[in-house]
There are 2 protein chains.
Amino acid sequence: MARRVAVADLVGRARRGEQLAVARLISLVEDGGDTGQLREVAAALAPYTGRAHVVGLTGPPGVGKSTSTSVLVRALRAQGRRVGVLAVDPSSPFSGGALLGDRVRMGEHATDDGVFIRSMAARGHLGGLAWSTPQALRVLDAAGCDVVLIETVGVGQSEVEVVSLADTTVVLLAPGTGDGIQAAKAGILEVADVFVVNKADRDGADQAIRDLRHMLSLGEPPAGGWERPVVRTVAARREGVGDLVAALDAHRDWLDAVGERERRRLRRAEAEIEAITLDQVRARIGDLRGAHGLCDLAQRVLDGELDPYRAADELTAEVTPP
Amino acid sequence: MARRVAVADLVGRARRGEQLAVARLISLVEDGGDTGQLREVAAALAPYTGRAHVVGLTGPPGVGKSTSTSVLVRALRAQGRRVGVLAVDPSSPFSGGALLGDRVRMGEHATDDGVFIRSMAARGHLGGLAWSTPQALRVLDAAGCDVVLIETVGVGQSEVEVVSLADTTVVLLAPGTGDGIQAAKAGILEVADVFVVNKADRDGADQAIRDLRHMLSLGEPPAGGWERPVVRTVAARREGVGDLVAALDAHRDWLDAVGERERRRLRRAEAEIEAITLDQVRARIGDLRGAHGLCDLAQRVLDGELDPYRAADELTAEVTPP
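Residues numbered from 1 in each chain as written. Chains lettered and ligands numbered in written order. Predicted model: local features only at pLDDT ≥ 70, side-chain atom pairs only at ≥ 80, totals over all residues. Heavy atoms only, no water.

In the annotation of an unreviewed UniProt entry, chain A is listed under the name Methylmalonyl Co-A mutase-associated GTPase MeaB and assigned to Pseudonocardia xinjiangensis.

So this is what it looks like as structure tokens:
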């Protein structure tokens, strides 16, 4: 993976919508730690991002996230919009665009030039999704995607991280599984902008929707006047998908109208910069550990020459570029 | 708490074994974040530490950690050794030397000038115990304690953190509770230097010891030739406590003989310096967030002027003292 790639050329081709260039750039940001081209890609993309509407889809396993994503892609394509999909599985050690599962699942879009699909794993990176996923988002954004869907595979903390990357967060639930209560426990209700009750043809769908509305009525009133809609879908039969697209567009328009999209993106950029900064410091400490700098400081603390706070001062000075 | 205290004077009095000075210094390191005297105390203590044998006691709730600590103190005092006790409860919001529970529990030592007892809570500090507990240890060390016992109250992650502070880690188990298996799951078996099966007069004690020995035989062979002993005690009747003291001393002698105590203390000092460094960087980022420095960088990323990596470079430069 050490071969250097002409990043500027790739970005130019990605902006013209070339699938191969998009895939290659995402690979570069995923492998960024090794090749050192992550920074180069980030710098080259910077002027061309900020257009796409980033939609996060999350919810408990089995509610139909994959199916919903697929039918959403189809509906958006039918309107002529360019769509990106990032399927993120922070619990998986596997990654890359070549995952067979993707190709099969998204098979109907495989030959569509207006759809970009990518599976990503946050394998062992500190901060989980924090590193490569925002850059992959920027690649799809720069490639002219009108909408980028981020779908979480797997459960847990990852869901909340994905939410932090999205302009609009969709929480999917399904009847009869007590999902609503679990979602409430996981703190997901608070972060949802749009609710979907999928599998709405099942017994208990009405009850699930009533329960959800009841839970929502108990919480804080919606901030800034956005009344969070509850959309009924049967994704497997493509029912209700038009309503979902309409709800996403309505939320995007509301975000723009009240300035909330800008605020969310600012907070997101702040968090990203802070995370990268701390990671840089941590990496430099790791280098020093290898070079015995930290070890020397620790020895001086043991010898009573230094206290750990003054040692930390020296380390802080050392880990920072002159 | 804003009143400045003459730290050098306190350290001098603590070194002469004055209870009040020791208590006051521990309060200063606990409140360090507010008064700013944590650094001053750490600097004043640095030349006088590294003597005490630090023993961590951990294990599931109900195995008799408090009782074992108390009888250990008595046994060590009977040999004329000066003893410090830190009872750390990372899950508790309460802290300080004035906890009634302590005084009652350790009542028999309340008038003994050679025993220093302190409850600490790691209330909300980043990194849990990482901040104040190592400094409190240094206070007791400088006060001439031959042995400092760190006892965890509460469960979970805290136990592993306490272990990281100790020269010798004692894991207590009791028969009939499946504790051994839970301890194995929690990763505690790996970090133990000495095992205690307390309440060894109960049914199932022999079985618990056999189970433990079996689990130990399945694991890695002991590093550096230390065969981890399994000590039987009935702490409530003070049975087996002499064996435990002997096991602790044997482990300390082994640590010194093979140079392992020095290695453990080096690793501990490295981890402490690294944690303080990262915390300093994080705090400075927090200051910048307040002063809109981070916000400005984030805005420039949104505007496409900067990528987040170059923004992080600027932040790293800003958060570091010139």
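Further notes follow.
All names here are of chain A. Examined against the element boundaries, Gly84 turns out to sit in strand E2 (residues 83-89). Assessed through its relative accessible area of 0%, Gly84 is described here as buried. Residues Gly84 and Ile150 lie 66 residues apart in sequence; the distance between their C-alpha atoms is 8.4 Å. Those residues in contact with Gly84, other than ones at most four positions away along the chain, are Phe116, Leu140, Cys145, Val147, Val148 and Leu149. (Helix = DSSP H or I, 4+ residues; strand = E, 2+ residues; numbered from the N terminus. Buried < 20%, exposed > 50% of the residue type's maximum accessible area, 1.4 Å probe, protein only. Contact = heavy atoms within 4.5 Å.)

Moving on to the relation of the copies chain A and chain B. Once turned by 179 degrees and shifted 0.0 Å along the axis, chain A lies on chain B with an RMSD of 0.2 Å. Look at the turn and shift together and you get a two-fold axis relating the two. A share of 100% of interface residues in chain A that are also interface residues in chain B marks the association as one of identical surfaces. (Least-squares fit on C-alpha atoms with pLDDT ≥ 70 in both.)

Take the packing of helix H2 (residues 19-30) of chain A against helix H7 (residues 132-142) of chain A next. Residues and elements named next belong to chain A. Orientation of H2 relative to H7, taken along the N-to-C sense of each, is 160 degrees, at an axis distance of 9 Å. Of the possible angle classes, the one that applies to H2 and H7 is roughly antiparallel. As H2 runs across H7, the sense of the crossing is right-handed. Across the interface between the two elements, Val22, Leu25, Ile26, Val29 and Glu30 of H2 pack against Ser132, Gln135, Ala136, Val139 and Leu140 of H7. Here the contact of H2 with H7 is composed, by residue class, of seven nonpolar, two polar and one charged. (Axes fitted to C-alpha atoms, helices over the stretch in contact; angles between N-to-C directions. Parallel < 35°, antiparallel > 145°, perpendicular 65-115°, else oblique. Left-handed = near helix turned anticlockwise from the far one by under 90°. Nonpolar A, V, L, I, M, F, W, Y, C, P; charged D, E, K, R; others polar.)

As a further point, take helix H5 (residues 65-78) of chain A. Residues and elements named next belong to chain A. If you check H5, its first and last C-alpha atoms are 20 Å apart, about what 14 residues at 1.5 Å a residue would give, namely 20 Å. Along H5, the residues classified as buried are Lys65, Ser68, Thr69, Ser70, Val71, Leu72, Val73 and Leu76. Looking one or two residues beyond H5, the residue adopting positive phi is Gly80, at roughly 80 degrees. (Expected span 1.5 Å × (residues − 1).)

Residues and elements named next belong to chain A. Of the residues in chain A, 76% have a pLDDT of 70 or more, and the chain-wide mean is 80. Confidence, read as mean pLDDT per element, is least for helix H6 (residues 100-105) in chain A (44) and greatest for helix H12 (residues 241-258) (97). Predicted confidence is poor over residues 91-104, with pLDDT under 50, and the contacts of this stretch with residues over four places away or in other chains come to 22 contacts. (pLDDT = per-residue confidence, 0-100.)

Before going further, it helps to examine the interface of chain A and chain B. The extent of an interface is frequently quoted as the accessible surface area lost upon association of the parts. With 47 residues of chain A at the contact, the number on the chain B side is 47 residues. Summing the contributions of chain A and of chain B, the shared interface buries around 4,400 Å²; its carbon and sulfur component is 66%. Inspection of the chain A/chain B interface yields two salt bridges. Notably, a salt bridge pairs Asp313 of chain A with Arg39 of chain B, separated by 2.3 Å at the nearest N-O pair. Counting every contact that joins chain A to chain B gives four residue pairs in polar contact (both at pLDDT 80 or more). (Buried area = accessible area lost by both parts, 1.4 Å probe. Salt bridge = Lys/Arg side-chain N within 4 Å of Asp/Glu carboxyl O. Polar contact = N/O pair within 3.5 Å; in protein donor to acceptor, adjacent residues only side chain to side chain.)

Residues and elements named next belong to chain B. Of all six residues in strand E4 (residues 147-152), six are buried, a share of seventy percent or more. Side chains Val147, Leu149 and Glu151 project from E4 onto one buried face, and the interleaved Val148, Ile150 and Thr152 project onto a second face that is buried too. Relative to E4, strand E1 (residues 53-58) runs parallel, the two being bridged by five bridges. The residue bridging Val54 from the neighbouring strand is Val148, located in E4. (Pairing = 2+ DSSP bridges.)

All names here are of chain A. As enumerated under the stated definition, the model contains 42 salt bridges over all chains in all. Of the charged contacts, one joins Arg237 and Glu239 as a salt bridge, the two residues approaching to 2.9 Å between their closest N and O atoms. What makes Glu239 partly exposed here is its relative accessible area of 36%. With a shortest N-O distance of 3.4 Å, Arg300 and Glu314 are connected by a salt bridge. Taken together, the positions of Arg300 in helix H14 (residues 293-302) and Glu314 in helix H15 (residues 308-318) put the pair 14 residues apart, joining distant regions of the chain. By relative accessible area, which is 30% here, Glu314 ends up partly exposed. Each of Asp167, Asp256, Arg261, Arg265 and Arg268 takes part in salt bridges that share partners, so that together they form one network.

This part covers the packing of aromatic side chains. Residues and elements named next belong to chain A. Per the counting criterion, the structure on display carries two aromatic pairs over all chains. Between Trp226 and Trp254, the ring centres sit 5.7 Å apart and the planes meet at 35 degrees, which makes this aromatic pair tilted. Within this pair, whereas Trp226 is found in the loop between helix H11 (205-218) and strand E7 (230-232), its partner Trp254 is found in helix H12, the two being separated by 28 residues in sequence. You can call Trp226 buried: its relative accessible area is 12%. Residue classification places Trp254 among the buried residues on the basis of a relative accessible area of 15%. If you follow Arg15 out to its NZ or CZ, it ends over the ring of Tyr48, 3.7 Å from the centre. (Phe/Tyr/Trp six-rings, centres within 6.5 Å; stacked < 30°, edge-to-face > 60°. Lys NZ or Arg CZ within 6 Å of the ring centre and 35° of its normal.)

Right, let's get into unusual backbone geometry. All names here are of chain A. Here Lys199, not a glycine, exhibits a phi torsion of approximately 60 degrees, which is positive. Assignment of secondary structure puts Lys199 in the loop between strand E6 (194-197) and H11. Residue classification places Lys199 among the partly exposed residues on the basis of a relative accessible area of 21%.

What follows concerns the pairing of E6 of chain A. Residue and element names in this part refer to chain A. Alternating positions in E6 separate into two faces, Val194 and Val196 on one and Phe195 and Val197 on the other, with burial throughout. In terms of strand pairing, strand E5 (residues 168-173) meets E6 through four bridges, oriented parallel. Along E6, the bridge assignment pairs Leu172 with Val196. Where E6 and E7 come together, three bridges link them in parallel fashion.

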